[in-house]
Amino acid sequence: VAKKSEFDYRRKSQELEDIVSKLQNPEIQIDEATKLHAAGLKLIDELEVYLNQAEIEVKKHIAKDS
Amino acid sequence: VQPVGEGTIRKAADLLQAKLAAEGLFDAERKRPVPYPPRRVALITAAGSAAYADFIKILNVRWRGVTVDHYDVLVQGEQAPAQIVAAITAANAGAEPPDVLVVTRGGGSAEDIAAFSHEQVTRAVALSRPAELAADQRASTPSNVAELLTPDRKVVLRQLTELRQELGEDLLAIVDDRKIWLNQQLTELNRGLKVSFETTRFRVHTMRQLLEAYNPTAALQRGYALVRADGRVIKSVTSLQVGREVELQLSDGTAAATITKTEEL
């Protein structure tokens, strides 16, 4: 079943971890660091939106019962 | 002498029990678990009896969707054992055998219920393909049988509701964990960039100091002079001879000079 491009939480959080670990390398050049930082912020925003939506969904399901 | 009375019947039933047990009819490995709740029940009892009505009523109150195949039999009297055995056989031979056989009747004296302890009936039950209740679990009443066979729908629904609540809470706990993690990543990300900036700034500072240290004009300002001959910097007195024309570079200009004397250190 072809689902519309599903949000890949695992992949995105892995990417974020990679970025953070690259950024922690003391040899990194400032232009590269700036780029990685921006990419990391973008991923954090996406992951946060996803988590917030998931939270709302779950709360809706729980509210259905009580 | 023909023995009569309840005591005798009880004694006979005990003897039969012992005999069949010795044959292995009640061995644990012969027993099959009753599916809970069963999908199909063979109900062997008298039509129109309280036992029949009670069983069906309780079954429907507690659970739905159980198929009941009813086998109408006499539950007491001479013909009862043969009818019960025939019903058990028919139930077992059906295209869709039941998950459980319920052979039941209302209460009565030991004499009344003697048909249920009849050797042939006990054998038929023990040899039945589906797991049976009568021999495995002695339920006290037909209603009690229905209760043993099925869960209470209301209880199950309440459990499901609780489960849904628990699942939701578990999921929320996971979401919370991930949010904390995300915050840590943000902190790390910002710290990484900050460190990178500081490192870069320090590198630039070091290079500036290095460049300044090697800056010749700084030395000239302190009073040193560069000596050139034919455009090349002279580093040794041995490169100079008396009468040689040289150019002196000072911090604010140049001057021409002629060597009048040399002396090595």
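Being a predicted model, the structure only gives us computed values, none of them experimental.

Caption draft 1: Quick look at the overall build of chain B. Scanning chain B from terminus to terminus reveals seven helices and eight strands. Per-residue burial over chain B gives 28% buried out of 265 residues. Summed over its atoms, the accessible surface of chain B is roughly 17200 Å², and 54% of this surface lies on carbon and sulfur atoms.

Caption draft 2: Representation of the overall build of chain A within the structure. Along its length, chain A carries two helices and zero strands. The burial tally for chain A puts 29% of its 66 residues in the buried class. As displayed, chain A offers around 4800 Å² of accessible surface, 52% of which is attributable to carbon and sulfur atoms.

Caption draft 3: Molecular detail of the sheet that holds strand 8 (residues 253–258) of chain B. Residue and element names in this part refer to chain B. The strand order across the open sheet built from four strands is 6-5-7-8, with neighbouring strands paired in antiparallel fashion. Each edge of the open sheet is held by one strand with a lone partner, namely strand 6 (232–233) and strand 8. Two strands pair when backbone bridges link them, and strand 7 (residues 245–250) and strand 8 are joined in this way by six bridges, in the antiparallel orientation. Following the sheet pairing, L248 is matched in strand 8 by A255.

Caption draft 4: Structural detail: the nonpolar core. Within the largest apolar cluster, 17 residues are counted, with the highest numbers of intra-cluster contacts made by A:L16, A:L23, A:L47, B:W181, B:L182 and B:L189. For this core, the elements supplying multiple residues, two or more each, are helix 1 (9–23) and helix 2 (30–65) of chain A together with helix 6 (153–213) of chain B. Sorting elements by how many residues they give to this core places helix 2 of chain A first, with six residues. With near-sequence residues (within four places) excluded, B:L189 lies in contact with A:I19, A:V20, A:L23, A:H37, A:G40, A:L41 and A:I44. B:A42, B:A46, B:A80 and B:L101 belong to the second largest nonpolar core, which has 16 residues in total.

Caption draft 5: Representation of the confidence of the model for chain B within the structure. Residue and element names in this part refer to chain B. Across chain B, pLDDT averages 85, with 90% of residues at or above 70. The weakest mean pLDDT in chain B belongs to strand 4 (residues 131–132) at 51; the strongest belongs to strand 8 at 96. Here the prediction assigns the complex a pTM of 0.57, and the interface score ipTM is 0.82.

Caption draft 6: Local environment of the interface of chain B and chain A. On the side of chain A, 31 residues touch chain B, which itself brings 25 residues to the contact. Carbon and sulfur atoms make up 67% of the area that chain B and chain A hide from each other, which totals about 2400 Å². Considering only the surface of chain B that becomes buried against chain A, B:R164, B:L182 and B:L189 emerge as the three largest contributors, covering 24% of it. For the pair chain B and chain A, the interface holds one salt bridge. A salt bridge links A:E55 to B:K179; the shortest N-O distance between them is 2.7 Å. Summed over the shared surface of chain B and chain A, the number is five residue pairs in polar contact (both at pLDDT 80 or more). Taken together, the residues of the side of chain B that touches chain A break down into nine nonpolar, nine polar and seven charged.

Caption draft 7: Layout of the packing of aromatic side chains. All names here are of chain A. In total, this model carries two aromatic pairs over all chains according to the counting rule given. Look at F7 and Y50: their rings are 4.6 Å apart centre to centre, the planes differ by 15°, and that puts the pair in the stacked class. Here F7, found in the segment before helix 1, pairs with Y50, found in helix 2; they are 43 residues apart in sequence, far enough to count as distant. Y50 sits in the partly exposed class, given a relative accessible area of 32%. Ring geometry for Y9 against Y50: centres 5.6 Å apart, planes inclined by 40°, an arrangement best described as tilted. Here the residue Y9 occupies a position in helix 1, and Y50 occupies one in helix 2, the gap between them amounting to 41 residues.

Caption draft 8: Looking closely at the pattern of salt bridges. Residue and element names in this part refer to chain A. Tallying each qualifying case throughout the model produces 15 salt bridges over all chains. A salt bridge links E46 to K42, with the shortest nitrogen-to-oxygen separation between them at 3.3 Å. Taken as a pair, E46 and K42 lie in helix 2 at a separation of four residues, close to a single helical turn. Relative accessible area serves as the criterion here: at 53%, K42 is assigned to the exposed category.

Caption draft 9: Spatial organisation of a nonpolar patch on the surface. Residue and element names in this part refer to chain B. Nonpolar side chains collect at one region of the surface, where L157, L160 and L163 lie side by side and expose about 290 Å² of accessible area between them. Here L160 lies in helix 6. Exposure remark for L160: the relative accessible area of 48% places this residue in the partly exposed category.

Caption draft 10: Representation of the side chain of A:K12. Here A:K12 lies in helix 1. Look at A:K12 and you get buried, because its relative accessible area is 17%.

Caption draft 11: Examining the environment of A:L41 more closely. By the secondary structure assignment, A:L41 is in helix 2. Judged by relative accessible area, A:L41 falls into the partly exposed class, the value being 31%. The sequence separation of A:L41 and A:L16 amounts to 25 residues, and the corresponding C-alpha distance is 8.8 Å. Dropping the residues within four chain positions of it, A:L41 is found in contact with B:L186 and B:L189.

So, how was this worked out
- Residues numbered from 1 in each chain as written.
- Chains lettered and ligands numbered in written order.
- Predicted model: local features only at pLDDT ≥ 70, side-chain atom pairs only at ≥ 80, totals over all residues.
- Heavy atoms only, no water.
- Helix = DSSP H or I, 4+ residues; strand = E, 2+ residues; numbered from the N terminus.
- Buried < 20%, exposed > 50% of the residue type's maximum accessible area, 1.4 Å probe, protein only.
- Areas by Shrake-Rupley, 256 points an atom, 1.4 Å probe, with all protein chains shown as cover.
- Pairing = 2+ DSSP bridges.
- Core = buried A, V, L, I, M, F, W, Y, C linked by side-chain atoms within 4.5 Å.
- Contact = heavy atoms within 4.5 Å.
- pLDDT = per-residue confidence, 0-100.
- Buried area = accessible area lost by both parts, 1.4 Å probe.
- Salt bridge = Lys/Arg side-chain N within 4 Å of Asp/Glu carboxyl O.
- Polar contact = N/O pair within 3.5 Å; in protein donor to acceptor, adjacent residues only side chain to side chain.
- Nonpolar A, V, L, I, M, F, W, Y, C, P; charged D, E, K, R; others polar.
- Phe/Tyr/Trp six-rings, centres within 6.5 Å; stacked < 30°, edge-to-face > 60°.
- Patch = residues over 30% accessible without salt bridge, like charges linked within 9 Å, V, L, I, M, F, W, Y side chains within 5 Å.

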